[in-house]
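These are the residues of each chain, in order.
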Amino acid sequence: EDTDLAGAQKVKHNYQSDVARLRKIVIDSLYSHQEIFIRELISNANDALEKLRLTALTDKSVWNGEPLNITIKAVKDEDGKGGRLIISDTGIGMSPEELTTNLGTLAKSGTSDFLAKAEGQDNTGTGNLIGAFGLGFYSSFLVADRVYVASVPPKSEKVPSPVQYVFSSSADDASFEIFPDPRGNTIGRGTEITLHLKPDATEYLDTTKITELINKHSSYSSSFPIYLFTQRTEDVPDEDAVEEPAATTPVAEGEATESPVDSETPQKDEDEAIVEDVTADEEKKADEPAPPKMKSVVVDEWVQLNAQPPLWTRDPKNVTTEEYEQFYNAFFKDFTKPLAWHHFSGDSGSGVSFKAILYLPAKIAEDYWQQPLASKSKDIKLMVKRVFITSDLGDDGLPKWASWVKVVVDADDLPLNVSRETLQSNRFLKQLKGIIIKRLIQTFTKIAEEDAEKFKEIQETYGSIFKLGAVEDLKNRDKLTSLTRFTTTQRNETSLDQYLENKKKGQKQIFYLAEMGKKPEDLAQSIFVEKLHARGYEVLLLTEPLDEILVGNLRQWKNIPFQDVAKAGLKFGDEELDPEEEKEQQKALTEKFKPLLDWLKVEAKDVVRDVVISNRLVKSPCAIVAEMGGYTANVQKMMTASNAKGNRGGILHDFALKAKSLEINPRSPLIEGLLRRVEDLPADEDEKDEEAEAELKEIASILIDGALVRSGFEVPDSNRFFSRVDRVLRRSLGVSETAPTDETVKPAPPVDPELPSEDDEQPPVQMPPMDEDDGKAKVIIPEHMKKDVSIEMEEIDEDGNPVVQHDEL
Ligand SMILES: Nc1ncnc2c1ncn2[C@@H]1O[C@H](COP(=O)(O)OP(=O)(O)OP(=O)(O)O)[C@@H](O)[C@H]1O
């Protein structure tokens, strides 16, 4: 072909730098995944066919109903060594400009970032790479030294006689060429990709191999028929041979001029019909007299590889798990295993019946969580009578929480020529959203009820989604809330219903403690839960960003309000069970501690509004509790973070900041001791013991600051806090509180601007000690880091290659 094309007017282009990088990554790192090229090319061909059909809805001139298909043909070189693989489609094709931009540049945003990441990963992330990023056309270079793409767009009113152009590039060129195809318009319409296979990729000339690959990766990639050119030898009686129309067709020269021939069953579906009259030559032969004996003939056949009806139209009983997974991979171009799926059919109520499969991907795309509220559903593939129509549901898209779901819906009773525009006003589309959401929630609920193991996996990926959904989707709030799970002081993965089943007699609140980003087990140590936990009450530990938002939105579950245990208003609920005794006790305590309470109110007036006897503490001496309208430590942290720049809030903010109380634990010896000391202070102004009072004030301020810290707040001035602690320590050690520390230091030597000269001897680099010298290099990891860090090393030879060979990935 090279020589054929030598005379053509070739225009040389450089690849956009991102393309060069992507090609390099593909070639370098996917070596052991060579075979994916076929899946990528078939997927592109399918897209091109879909585009043509969609264009034809508005511009009839581009297609008059002749067959739409994908064909694959392997052609061995005469020397039997190498060969070409030719993949063609009768789709939308490309103009020379499109060949240049589509194949020479990368349009995707974020590609550069992605490439940088992939390059940095040093080939280890390539499993990811395949899934996360359609490698598309460039995967051709995994198997081909040189690739030709001949393409011609459809005839249209605008371009009545389009010219067939060729894109040509070799695997290690930094450039590609574009030129008019010297063979003329051999394709008619569409694209023909010719791969000159590398010496190590000739296995792809084997039709059995290709069939196997298509079955594995691509049997669901295309709703259009995929035909493979095959030849088989058949022994036929010579007299029969004359009647056998498909037999003895010579292998045509110049594969580009061939059209696929359907020698098998005639197709019923006009879209899928492959027709070409092949009989002319054979019929002539049939007229020739033939000797009546057997002879071997080579039979050419175009065999359809994806003859199965589309998966969604089949009876779920007869579809295997593997088939569902393969379909998902091919159809949604996500090459990870889906977590679960639901195959259903139904009636929209507006007279449209449909079949659908809904899939839960194993992973939500990373960018979803960056801006969940800006996400749009893009994987609802709407088909009409098996023909892809759109995946853009416009304003009828799903709620944001569910925008990641992947669904194929095939409606039978919509007109095939519905355009996207008329669809927008179609009732079915409006109903579709509701149908999908309903089925989606059903799918989750069913798993929650029937498959605990699976639901654990679901929680990992979708736990936060349920919470987001319960906040966003009022209509489905209860169902989605039922799917949420929380860690509590007593167990993991607890639903709110399970929590309520475990509530104690009289308990009229759902207790929770929230601190974003903290580990549940650390949160469980909080002083706010100590008494609840000690008494056997369960407390939800909310550590995820969405938890507190959800609870704030729900306010109650099954008519039981949520109660932040770090806030005022906490009631165990059994107070009424022994009201008299409790009240008496509280009264007596308040009486007893009144001097301390009064004294502390003055001492703590800058931090809190009130000092009270606590009913929530067991071991700790005191705590800072937010009042109803006040900020908890968690909220205060978030406020501080978001207020860092502006100075919003004003009076309300100040109010909320100070809306706290200091609660003291009357059973703590420390508090008892403090009470005694306060009581001992001489009441009379004249007898005032300044020193004793100052000392007590200091203790009080340490206590208050300590309470702040224990309760998750920040200490206003940590320097002051620690110098107080210092003084108290000195006192307890019997050291003078006022004795100054010797602060004299040795001053630095005089200025010396001279730089060290090159031949100054450098101190030898200290090598870390080795346990036993086995001659091998080691990395010493400090003891305290060993649990966090592990390093594996591989031996390399002088050329830098690993001594022990392992898989590329
Ligand atoms: N067989 C084809 N017919 C028409 N256009 C094609 C064909 N193959 C590729 N193209 C065009 O070239 C572009 C680039 O193809 P490539 O496979 O690199 O990426 P993609 O298909 O857009 O993305 P991805 O493979 O990630 O889905 C396509 O978007 C399409 O416009």
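Note that the structure is predicted; figures quoted are calculated from it, not measured. Residue numbers restart at each chain and count upward from 1, following the sequence in its written direction. Since the coordinates come from a predicted model, pLDDT governs what is reported: local features require at least 70, and pairs of side-chain atoms require 80 or more to be given and counted, while whole-chain, interface and lining totals use all residues.

(A) Structural view of the overall build of the protein chain. Helix and strand definitions here come from DSSP, where helices need a minimum of 4 consecutive H or I residues and strands a minimum of 2 consecutive E residues; each element is numbered from the N-terminal end. Within the protein chain one finds 25 helices and 22 strands. A burial count over the protein chain gives 31% of its 809 residues as buried. We call a residue exposed when 12 or fewer other C-beta atoms sit within 10 Å of its C-beta, buried when the count reaches 20 or more, and partly exposed for counts in between; the C-beta positions come from the backbone.

(B) Fine view of the packing of helix α24 (residues 690–710) against helix α25 (residues 718–733). Lines fitted to C-alpha atoms define the axes, with helix axes restricted to the stretch in contact, and inter-axis angles between N-to-C directions lie between 0 and 180 degrees. Viewed as axis vectors pointing N to C, α24 and α25 meet at an angle of 130°, and their least axial separation amounts to 10 Å. Here α25 runs oblique to α24, going by the angle between their axes. The handedness of the crossing between α24 and α25 comes out as left-handed. Between α24, through E698, I699, S701, I702 and D705, and α25, the contact on the second element is made entirely by F721, R724, V725, R727 and V728. Taken together, the residues of the contact of α24 with α25 break down into five nonpolar, one polar and four charged. For classification purposes, angles smaller than 35 degrees are called roughly parallel, those larger than 145 roughly antiparallel, those between 65 and 115 roughly perpendicular, and all remaining angles oblique. It is the rotation of the near helix from the far one that decides the hand of a crossing: anticlockwise by less than a right angle makes it left-handed, clockwise makes it right-handed. Here, residues touch in the contact sense if the C-beta positions derived from the backbone fall within 7 Å of one another. Nonpolar residues are Ala, Val, Leu, Ile, Met, Phe, Trp, Tyr, Cys and Pro. Charged residues are Asp, Glu, Lys and Arg, and all others, Gly as well, are polar.

(C) Broad picture of unusual backbone geometry. Positive phi is not limited to glycine here, since K333 has a value of about 50°. Accessibility expressed as a C-beta count within 10 Å gives 16 for K333, which makes it partly exposed. Residues other than glycine seldom take positive phi values, yet K558 does so here, at roughly 50°. Tracing the sequence through the fold places K558 in the loop between β18 (556–557) and β19 (560–564).

(D) Spotlight on the UniProt feature "binding site: ATP" (unreviewed entry) in the protein chain. Summarizing the sequence annotation, UniProt attributes the feature "binding site: ATP" (unreviewed entry) to E40, N44, D89, M94, N102, K108, S109, G110, T191 and R420 in the numbering used throughout. Residue position: N102 is located in helix α4 (residues 96–104). UniProt positions are given in the numbering used here, feature names are shortened, and annotations may be inferred rather than shown by experiment.

(E) Quick peek at the nonpolar core. Counting residues in each nonpolar core, the largest one holds 98 residues, and the members touching the most others are V409, I436, Y512, L513, V539, L540 and L662. Of all the elements, helix α13 (residues 427–450) adds the most residues to this core, at nine residues. Residues within four places of I436 in sequence aside, it is in contact with L358, I380, L398, V405 and V407. A set of buried residues qualifies as a nonpolar core if it consists of Ala, Val, Leu, Ile, Met, Phe, Trp, Tyr and Cys joined through C-beta atoms within 7 Å. Residues A48, I92, L197 and Y204 belong to the second largest nonpolar core, which totals 58 residues.

(F) A look at the sheet that holds strand β10 (residues 340–347). Pairing is mixed across the open sheet formed by five strands, whose spatial order is β10-β11-β14-β12-β13. Two strands close off the open sheet at either side, each with one partner strand: β10 and β13 (387–390). Here the strands of the sheet are splayed against their neighbours by 25° on average, with no regard to which way each runs. For two strands to count as paired, DSSP must find a minimum of two bridges between them. Relative to strand β14 (residues 406–411), strand β11 (residues 353–360) is paired through six bridges, and the arrangement is antiparallel. Residue Y359 lies in a different strand from β14, and its bridge partner there is K406. Seen against the sheet, α13 touches β10, β11, β12 (380–384) and β14 and runs at an angle of roughly 135° to β10.

(G) Representation of the sheet that holds strand β5 (residues 165–170) in the model. One open sheet accounts for nine strands, arranged β1-β6-β5-β4-β7-β3-β2-β8-β9; its pairing is mixed. Across the chains shown, the open sheet's two edge strands, defined by having one partner strand only, are β1 (11–14) and β9 (294–304). Recorded for the sheet is a direction-independent mean angle of 25° between the axes of neighbouring strands. Sheet analysis places strand β3 (residues 83–89) next to strand β7 (residues 190–197), joined by six bridges and oriented antiparallel. Across the sheet, residue I87 finds its bridge partner in β7, namely I193. Helix-sheet contacts for helix α3 (residues 36–58) involve β2 (70–76), β3, β7 and β8 (226–237), and the interaxial angle to β3 is about 25°.

(H) Expanded view of the environment of T484. Position of T484 relative to the elements: it lies in the loop between α15 (477–483) and β15 (487–488). On a C-alpha basis, the gap between T484 and Q459 in space is 8.1 Å, while along the polypeptide they are 25 residues apart. Dropping the residues within four chain positions of it, T484 is found in contact with F466, K467, A470 and S495.

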